[in-house]
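Structure at a glance
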Amino acid sequence: MLYDGPVDGADALWKRVAAERVTAFGTSPAYLQLCEQSGWMPPRDGGATLDFSALRAMYSTGSVLYPRQQEWVWQQVKPVPIQSISGGTDIVGCFVLGNPNLPVYSAEPQCRSLGLDVRALNVDAAGIGELVCANPFPSRPLGLVDDADGRRFHAAYFAQHPGVWTHGDLVEFTAEGSARMHGRSDGVLNVRGIRIGPAEIYRMLADVPEITEAMAIERHADDEPGNARLVLLLVLRQGAALDAELSARIRRLLAQRGSPAHVPAAILAVDQLPTTHSGKRSERSARDALNGRAVVNSAALRNPESLEPLRAWAAQVRPERTVTVPAPAVAEPLAETVARVWREVLDLPAVKPSDNYFDLGGDSLRALKILEVLRRATGREVPLTLLLDAPTLAGFVQALGAAAEHEYRPLVQLQPPRDPDVEPLFIVHGVGGSAMELLGLARLIDDGRAVYGIQARGFDAQDTPSRDVPAMACEYLAAVRGVQPEGPYLLAGYSFGGQVAYEMARQLQEAGDEVGLVALLDTGVPERHWPPAAWFEYFVRRVLFGMRSLRARRAHEWPAVLQGLLRSLRHRVHRRALPPQRLADEYAAHLPETVRRVRCAGFTAALAHPPQRSNLSVHLLRTDLDRSHSCDPAIVWRRCARSVTVHEVPGDHASLIRAPHAAAVARCLAECLATAAPAAAARDLQPPVPLITAEPPHLPRAGVDAAPAPALPPPPADLPASASAWLS
């Protein structure tokens, strides 16, 4: 039985399922969500009772099914499994689907389809990859109409991953063999260089009862890093309104469960989302409308009028986020000034005193904009660390009002200690200089130790950023010793910060201090410091990558691919000879002035300082080399350090410290810290007999003390072998 009519209520289809004694009911997640959110319950008593005794199976397709919809059916209709299926009209079938002989996991297709070699390609840290079919299958189309040379057919299904059918869906296969669908891959958003699947956002919003439907769209914005801004379109249930409270709750939820990149720059309430005649939502048409472009597929929409509110909003929205500064003659209370600046920078209708800056989606770039506006409004410097020390609006206002003359402070506590006897971890900033970007990673390191971020000098007008790595390392060590007078010291650094952390460890070792850990988070060096082996590795990898691409491409595409490869290689060689200041200026040209000068200083320092040789053992957390446009950093560090342990971590250089990859990086750091733990553990042993003489030991420092340390007696016989070796 096929139904082609209006769905005028939650019971529209269930009444027909009961009346016709349907045994297998095919529906969509949108309809089940309507039933669940409307609070509809099938009548069970009286003459209006709906009889579902014939219903044996349910099928769901058209969009991603969520566990809440499965649970609603189980509780309100019947404990019948929903077989979520995913495929396409173009293949007349499914790639993943149900199976009556297999167990059912809530909202998951149970298995791959017979006769289809379905796989997940380019799987990320969360286990999500692109759904492809690696071999021909019985119902695969042979071509497109009016496509004589097959170019359009190839571009539609084979160009993205040569040689395999790419359907454009994101999939995750579980250990049990079932699948989880994560939406369309062409809807993946790139916000500030971070790839976000819209399905991640939709899953987080499933617990907001006011929301019926949601659509996340990327909008071009010249004033944003990466030139993109996230816009969230919402269809609200009847009676709900997008007020300040709901907007703040949505942002807070997305920031806590995701990351600042998941928080939308703007939230719009609309009556309906653009939908095709086949019932699928059209992100592409919404994206075109929000960006002021002509909608190329408007004929495929059954509700083209849904685009008009989007066009109207795009026409009147501010091209850039401008924040007003009150005139000197206007006496505005400090609390009102701060609240207004927060609202305008974060694009919120209202903020409450208890709102947390980071929960609202704030990041380091927006923080710098807030502090710059407040500096002009109040006439005094506002330290960047103030937001980390007092992240709530009320706390920030109080701290700002009580702030004395600011003095640069390198250390920022990102994670307070639960066990004061465990050595803290110090993580050095990336080339951007801010410790704020390390906050998410630091909070995932949950082994009881304190985690400090090290922040660069120069974010305040009176401070001049350092352009020398050894000088930075010396200044940072002075602050570190103020917190931890004695070793072993545990150091890590992200990107350029790894170079500084390595230099800090080298200076500590020269001074005779114990270094327990040096962890480099995807730290490379500029091209001018690559050894010949690194250049060779880079050229070979890029050539092999180009050959792999050529092998699966059509002959007419080869010249373009070869030209692109040669252009990339020439660019690398050319950059090696450019002056450091020019490279630094090019690197940070698109950033705000405060950020630009700190980044330029860091980039200049990296160019001017090749890593020195040492007797250190280094842990290198390295991302996927195939996604890197640099040499293998392990080659560089093996020439400098005594030993290098390489740990493969997910993501790329920009995303490894952010969700979802930060969790895997934190686990890897925890393993590295565990290897540094034996020294601390042995130090805390309390053997039954004294291990030192009556005179306290005098530990020499190279170049400072020459007095010999007193001899230690042999360790007791019952001491564990590992502790005995350490004491020796």
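What this report covers is the structure whose coordinates are included nearby. (Residues numbered from 1 in each chain as written. Predicted model: local features only at pLDDT ≥ 70, side-chain atom pairs only at ≥ 80, totals over all residues. Heavy atoms only, no water.)

1. A few points about the overall build of the protein chain
When its secondary structure is counted, the protein chain shows 22 helices and 22 strands. A burial count over the protein chain gives 50% of its 728 residues as buried. Long-range pairs, those at least 24 residues apart, make up 67% of the contacts in the protein chain between residues at least 6 apart in sequence. (Helix = DSSP H or I, 4+ residues; strand = E, 2+ residues; numbered from the N terminus. Buried < 20%, exposed > 50% of the residue type's maximum accessible area, 1.4 Å probe, protein only. Contact = heavy atoms within 4.5 Å.)

2. A short note on the nonpolar core
By size, the foremost hydrophobic cluster in this structure holds 57 residues, and its most contacted members are I201, L205 and L233. Broken down by element, this core gets its largest block of residues, seven residues, from strand β14 (residues 228-236). If near-sequence neighbours (up to four positions away) are discounted, I201 is found in contact with L189, I196, A216, L230, L232, L254 and H262. Listed in part, the 54 residues of the second largest apolar core include L360, L371, L438 and A442. (Core = buried A, V, L, I, M, F, W, Y, C linked by side-chain atoms within 4.5 Å.)

3. Brief notes about the pattern of salt bridges
Under the defined criterion, the tally for this structure stands at 18 salt bridges. E503 serves as the salt-bridge partner of R506, at 3.1 Å between the closest nitrogen and oxygen. Pair noted here: R506 and E503 are both in helix α15 (residues 496-510), with a separation of three residues, about one helical turn. E537 is paired through a salt bridge with R541; the nearest N and O atoms lie 2.7 Å apart. Placement of both E537 and R541 in helix α16 (residues 532-551) is noted, with a separation of four residues, approximately one turn of the helix. (Salt bridge = Lys/Arg side-chain N within 4 Å of Asp/Glu carboxyl O.)

4. Considering the pairing of strand β18 (residues 451-454)
The side-chain alternation of β18 yields two buried faces, one formed by V451 and G453 and the other by Y452 and I454. As defined by bridge partners, strand β17 (residues 425-428) adjoins β18 across four bridges and the pair is classed as parallel. Each bridged residue has a counterpart across the sheet, and for V428 the counterpart in β18 is I454. For the crossover that starts at β17, traverses helix α13 (residues 439-444) and ends in the parallel β18, the hand is right-handed. (Pairing = 2+ DSSP bridges. Right-handed = clockwise from strand over helix to strand, strands pointing away.)

5. Some thoughts on the state of the cysteines
In this structure the tally under the stated criterion is zero disulfides. The thiol of C672 is unpaired, and the distance to the nearest cysteine sulfur, on C668, comes to 4.6 Å. The buried category is assigned to C672, whose relative accessible area is 0%. (Disulfide = S-S within 2.5 Å.)

6. Here's the deal with the packing of aromatic side chains
Under the defined criterion, the tally for this structure stands at 20 aromatic pairs. Taken together through their ring pairs, the aromatic side chains of W14, F25, Y31, W40, F52 and W72 make up a single cluster. One Lys or Arg, R112, reaches over the ring of F173 and ends 3.7 Å from the middle of that ring. Lying over the aromatic face of Y202, R281 brings its terminal NZ or CZ to 5.1 Å of the ring centre. (Phe/Tyr/Trp six-rings, centres within 6.5 Å; stacked < 30°, edge-to-face > 60°. Lys NZ or Arg CZ within 6 Å of the ring centre and 35° of its normal.)

7. Overview of the packing of helix α5 (residues 198-205) against helix α6 (residues 244-257)
Close contact between α5 and α6 brings their axes to 10 Å; oriented N to C, the two are set at 120°. If you check the angle between α5 and α6, you find them oblique. In the packing of α5 onto α6, the handedness of the crossing is right-handed. In this structure, α5 uses I201, M204 and L205 to contact α6, whose residues at the interface are I250, L253, L254 and R257. For the contact of α5 with α6, a count of residues per class yields six nonpolar, no polar and one charged. (Axes fitted to C-alpha atoms, helices over the stretch in contact; angles between N-to-C directions. Parallel < 35°, antiparallel > 145°, perpendicular 65-115°, else oblique. Left-handed = near helix turned anticlockwise from the far one by under 90°. Nonpolar A, V, L, I, M, F, W, Y, C, P; charged D, E, K, R; others polar.)

8. Section: the sheet that holds strand β15 (residues 266-269)
The three strands lie next to each other as β13-β14-β15, forming an open sheet whose pairing is mixed. Pairing within the sheet leaves two strands with one partner each, and these edge strands are β13 (211-220) and β15. This sheet shows a mean twist of 25° between the axes of neighbouring strands, independent of strand direction. Against the sheet, α5 contacts β13 and β14, and its axis sits at roughly 145° relative to β13. Here α6 sits on the sheet in contact with β13, β14 and β15, set at roughly 130° to β15.

9. Re the side chain of Q69
Mapping Q69 onto the fold places it in helix α3 (residues 67-77). Excluding anything up to four places from it in sequence, Q69 contacts P29, L32, Q33, V64 and I82.

10. Looking at helix α9 (residues 334-346)
Relative to the 18 Å expected for 13 residues at 1.5 Å per residue, α9 spans 18 Å between its end C-alpha atoms, a close match to the ideal helical length. Taken residue by residue, α9 has T337, V338, A339, R340, V341, W342, E344, V345 and L346 as its buried positions. Immediately downstream of α9, the backbone of D347 shows phi near 60°, a positive value. (Expected span 1.5 Å × (residues − 1).)

11. A few points about the side chain of T623
Assignment of secondary structure puts T623 in the loop between β21 (617-622) and α20 (633-638). Overall, the relative accessible area of 4% leaves T623 in the buried class. A distance of 3.2 Å separates a polar atom in the side chain of T623 from a polar atom in the side chain of D522. The residues contacting T623, other than those within four sequence positions of it, are D522, E648, V649, P650, G651, D652, H653 and L656. (Polar contact = N/O pair within 3.5 Å; in protein donor to acceptor, adjacent residues only side chain to side chain.)

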